[in-house]
Amino acid sequence: MKGSAIENFSCVIYNIFLMNCTWQAGRDAPADTQYFLYWQKSRDEEEMECELYIKDENFRNVGCIFQNVSIGIEKAYFLVNGSSKDSLIQFYDEYIDLYKIEKLMPPSNITVNCDEIKKDCIIQWQQPQISHSSKDMCFKYEINIKYKDNPKGKPIYTSIQEGGNSNIFLRSNTRKKYVLKMRAAGSACFVSPAWEWSAPVEFGNEEIISSSVWILLGVGVTTLLMAIITIFFCKRTGCWKAAFPQIPGPKPVFFTLADTNPELMESKIQSIKSENEEIVLVADIMR
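This report concerns the structure included in the present document. From a predicted model like this one, the values you see are computed outputs, not experimental measurements.

### Some details on the state of the cysteines
Here's step 1: Applying the stated criterion across every chain yields a total of 3 disulfides.
Here's step 2: Across the disulfide from Cys50 sits Cys64; the S-S distance is 1.8 Å. When the S-S torsion is 105 degrees, as for the bridge of Cys50 with Cys64, the disulfide is right-handed. Taken together, the residues span a long stretch of sequence, with Cys50 in the loop between β4 (48-49) and β5 (53-55) and Cys64 in strand β6 (residues 61-66) at a distance of 14 residues.
Here's step 3: Using a relative accessible area of 6% as the deciding quantity, one classes Cys50 as buried.
Here's step 4: We classify Cys64 as buried; its relative accessible area is 0%.

Shown next, in the form of structure tokens:
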């Protein structure tokens, strides 16, 4: 029956030995259609049926999980056929390079050790695990480093290298915190070209103001604000006069309010002069 074969068939290998295949039922397949998956790793091996099917809400097979899968150099053969009481179901088949569908994990155990004197940092990691090879030159690695305080900005350092398990990064600023990510891809050895980033790794020294400095700054700012508020309040209410009253000056001994009259002042001066003349005259007589 046309339109009864499965659609959107895909497989992925992960965690070294597991393979997951999924598909969708044919658009015109009868409601009672059931599908069955068979695969053959190479021409020299026997065809095997799925042992662990994934089912939908109608208990129809829509996927399969294979265990203990190994990757060879030949393309594997996949066949999905179906059955129905009402009509014949079209089959679906495909040849797939297994290494191309392997989900390559990022490097593991990533560490960064920095020399505070030389300003260089040594990045080390372990290669991803795959089922069919342990050669280091099967992989190439990409390193991406950004400032921690600018995660959306452009990388300050990128590097792509073939093989190896270490890299040296020279810091331009030793008072910055950095964030590193890595990913691996197949370079040879029938390794998947797919990339997947590792979890971010932080390193470096971030300049931090000590808590005691923050406390002193807080006390200083608070004191300054209180002083400004007090001065402003006293200017508005006049509390300075109450707190610091003005000390009156000494009262003049020889002058009163009446002394400000010019005529009185003149008569007093004449009186003082006549008294002085009389004292001088008496002093001459006494001699």
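### Re the side chain of Asn167
Here's step 1: Mapped onto the fold, Asn167 is located in strand β13 (residues 166-170).
Here's step 2: Its relative accessible area of 9% is what places Asn167 among the buried residues.
Here's step 3: Residues in contact with Asn167, not counting those within four places in the same chain, are Cys121, Ile122, Ile123, Trp125, Ile143, Tyr157, Ser159 and Gln161.

### Focus on the layout of surface pockets
Here's step 1: Each pocket or cavity is described by its volume, and for the largest pocket that value is around 260 Å³.
Here's step 2: Along the walls of the largest pocket sit 13 residues, with Trp39, Met48, Glu51, Phe66 and Gln67 positioned nearest its centre.
Here's step 3: At the level of secondary structure, the elements contributing two or more residues to the lining of the largest pocket comprise β4 and β6.
Here's step 4: Each residue belonging to the lining of the largest pocket can be placed in one class, and the counts come to 6 nonpolar, 3 polar and 4 charged.

### A short note on a nonpolar patch on the surface
Here's step 1: A cluster of nonpolar side chains, namely Val221, Leu225, Met226 and Ile229, defines an oily patch on the protein surface of about 400 Å² accessible area.
Here's step 2: Mapped onto the elements of the fold, Met226 is located in helix α1 (residues 211-237).

### So, the environment of Asp93
Here's step 1: Within the secondary structure, Asp93 sits in strand β8 (residues 92-96).
Here's step 2: Residues Asp93 and Asn81 lie 12 residues apart in sequence; the distance between their C-alpha atoms is 8.5 Å.
Here's step 3: Within the structure, the side chain of Asp93 is placed 3.2 Å from the side chain of Tyr77, a separation counted as a polar contact.

### Looking at unusual backbone geometry
Here's step 1: The backbone of Asn15 shows a phi angle near 50 degrees, a positive value even though the residue is not glycine.
Here's step 2: As for its placement among the helices and strands, Asn15 is situated in the loop between β1 (7-14) and β2 (18-24).
Here's step 3: One non-glycine residue, Asn109, lies in positive phi territory at about 50 degrees.
Here's step 4: Tracing the backbone through its elements, the reader meets Asn109 in strand β9 (residues 108-114).
Here's step 5: Note on Asn109: relative accessible area 52%, which makes it exposed.

Rules used in this analysis
- Residues numbered from 1 in each chain as written.
- Predicted model: local features only at pLDDT ≥ 70, side-chain atom pairs only at ≥ 80, totals over all residues.
- Heavy atoms only, no water.
- Disulfide = S-S within 2.5 Å.
- Helix = DSSP H or I, 4+ residues; strand = E, 2+ residues; numbered from the N terminus.
- Buried < 20%, exposed > 50% of the residue type's maximum accessible area, 1.4 Å probe, protein only.
- Contact = heavy atoms within 4.5 Å.
- 1 Å grid on protein atoms, 1.4 Å probe; cavity = no way out; pocket = protein on both sides within 12 Å on 5 of 7 lines; lining within 4 Å.
- Points joined across faces, edges and corners; volume = space filled by probe spheres on them.
- Nonpolar A, V, L, I, M, F, W, Y, C, P; charged D, E, K, R; others polar.
- Patch = residues over 30% accessible without salt bridge, like charges linked within 9 Å, V, L, I, M, F, W, Y side chains within 5 Å.
- Areas by Shrake-Rupley, 256 points an atom, 1.4 Å probe, with all protein chains shown as cover.
- Salt bridge = Lys/Arg side-chain N within 4 Å of Asp/Glu carboxyl O.
- Polar contact = N/O pair within 3.5 Å; in protein donor to acceptor, adjacent residues only side chain to side chain.

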